[in-house]
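What the coordinates show
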Amino acid sequence: MTQRISPSQKRKALRAGLASGRLQRLPGAFSPLVARAVADRGFEGVYVSGAALAADLALPDIGLTTLTEVAGRGGQIARATDLPTLIDADTGFGEPANVARTIAAFEDAGLAGCHLEDQVNPKRCGHLDGKEVVPTAQMLQRVRAAVQARADPDFVICARTDARALEGLDAAIDRAKAYVDAGADMVFPEALRTESEFAAFREAVDVPLLANMTEFGTSPALTARQLENLGYNLVIWPVSSLRAAMGAVEDLFDTLEAEGTQASHVDRMQTRARLYELVDYASYAEFDRQLFDFKIPGRDA
């Protein structure tokens, strides 16, 4: 049971990473154990996707999850590692006052930052048809409410714009600039379509930028090196771990149904020893030993 660093220290680490000139890589984690695997591989942070959280609850990504559910799960994931955790706040769970409450809940949960989007509520997956965006003025209220509500100035407020698909690249850039003027620390341009569009956004917007490298979307699958060369500051792979895990789960269930045993699948499973490493079983055992395996001087001699 190692001593964990504080949420404030994690927020400072995220800020420092964004200012470092190096791309901050944040794979998505849908559980605390997955976050441990992220940390074990040496990534710079952890991302909590609203789409992955909804899917883990067997719900579509259409704004059905609540602030309580998202903050609770996000806090569990954030506490699992010493890495900063960035979380998806969707549209802020309501009006500007709700956005303010969202920021307070996320800070209380130990998260390092969040992103808010300019979609209407209920929202849609950013890479699917049927989404709509609110007027710029309404999104500015969300951003200002988030900035005013935070107690820790190091908590990162990221503004996501979904306007590229609906209003075009230039309009999305104009929105992003307005969101920065309202106090956003970082911008997340969703569903850009070409590498040149990623470059154009970097050229136009003078704050850290987040790139979403999700699968099955409209954006090209750029590598971390390409994004760093483009000048991006942070990349997320939001649902990759969930998709990989569920693919493996369904393969296992196919095997159980066909063969009546998991035997042919065991070599593809995480071992008991590796699971114990990730949950840090040895340090808990040592902590337990220190508490109970002791002698009182002068009485137990």
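The shown structure was predicted, so the numbers you read here are calculated from the model rather than taken from an experiment.

From N to C terminus, the chain includes 13 helices and 8 strands. In terms of overall size, the chain behaves like a compact globule, its C-alpha atoms giving a radius of gyration of 21 Å where 301 residues would be expected to give roughly 19 Å. Taken over the C-alpha atoms alone, the chain extends approximately 75 × 55 × 35 Å along its principal axes. Considering the chain as a whole, with its 301 residues, one finds that 45% of them fall into the buried category. Counting contacts in the chain only where the partners sit at least 6 residues apart, residues at least 24 apart contribute 71% of the total. Only carbon and sulfur atoms are counted for the fraction: they give 53% of the accessible area of the chain, which is about 14,800 Å². Averaging the locations of the 32 positively and 42 negatively charged side chains of the chain gives two centres separated by 5 Å.

Here we come to the sheet that holds strand β5 (residues 156-161). Pairing within the open sheet is parallel, and its 5 strands lie in the order β2-β3-β4-β5-β6. Two strands bound the open sheet, and with one partner strand each, they are β2 (46-48) and β6 (186-189). Across this sheet, the average inter-strand angle for adjacent strands is 25°, counted without regard to direction. Those strands touched by helix α4 (residues 67-79) are β2 and β3 (85-88), and its axis lies near 160° from that of β3.

A grouping of Glu250, Asp251, Asp254 and Glu257 is seen on the molecular surface, where their side chains present a negatively charged patch. Inspection of the secondary structure assignment puts Asp251 in helix α11 (residues 240-259).

A few words on the side chain of Lys10. Its location among the elements puts Lys10 in helix α1 (residues 7-18). Asp82 provides the closest opposite charge to the buried, unpaired Lys10, separated from it by 5.1 Å. Among all residues touching Lys10, those that are not within four sequence positions of it are Ile5, Ala78, Arg79, Thr81, Asp82, Leu83, Pro84 and Ala112.

With that settled, the discussion passes to the packing of helix α6 (residues 136-149) against helix α8 (residues 169-181). Remark: α6 packs on α8, axes separated minimally by 9 Å, with the N-to-C direction vectors making an angle of 35°. Relative to α8, α6 is oriented so that their crossing is right-handed. Of the residues in α8, those in contact with Thr136, Met139, Leu140 and Val143 of α6 are Arg175, Ala178 and Tyr179. Split into classes, the residues belonging to the contact of α6 with α8 amount to 5 nonpolar, 1 polar and 1 charged.

Take the sheet that holds strand β7 (residues 210-212) next. Taken in spatial order, the 3 strands of this open sheet run β1-β8-β7, and their pairing is parallel. Every other strand in the sheet has two partners, leaving β1 (24-27) and β7 as the edge strands with one partner each. Averaged over neighbouring strand pairs, the angle between their axes works out to 20° when direction is ignored. Where β1 meets strand β8 (residues 234-237), 4 bridges bridge the pair, whose relative direction is parallel. The residue bridging Arg25 from the neighbouring strand is Val235, located in β8.

Cut-offs used in this document
Residues numbered from 1 in each chain as written. Predicted model: local features only at pLDDT ≥ 70, side-chain atom pairs only at ≥ 80, totals over all residues. Heavy atoms only, no water. Helix = DSSP H or I, 4+ residues; strand = E, 2+ residues; numbered from the N terminus. Rg over C-alpha atoms; globule rule 2.2 N^0.38 Å. Buried < 20%, exposed > 50% of the residue type's maximum accessible area, 1.4 Å probe, protein only. Contact = heavy atoms within 4.5 Å. Areas by Shrake-Rupley, 256 points an atom, 1.4 Å probe, with all protein chains shown as cover. Lys, Arg positive; Asp, Glu negative; His and termini not counted. Charge placed at Lys NZ, Arg CZ, Asp CG, Glu CD. Pairing = 2+ DSSP bridges. Axes fitted to C-alpha atoms, helices over the stretch in contact; angles between N-to-C directions. Patch = residues over 30% accessible without salt bridge, like charges linked within 9 Å, V, L, I, M, F, W, Y side chains within 5 Å. Salt bridge = Lys/Arg side-chain N within 4 Å of Asp/Glu carboxyl O. Left-handed = near helix turned anticlockwise from the far one by under 90°. Nonpolar A, V, L, I, M, F, W, Y, C, P; charged D, E, K, R; others polar.

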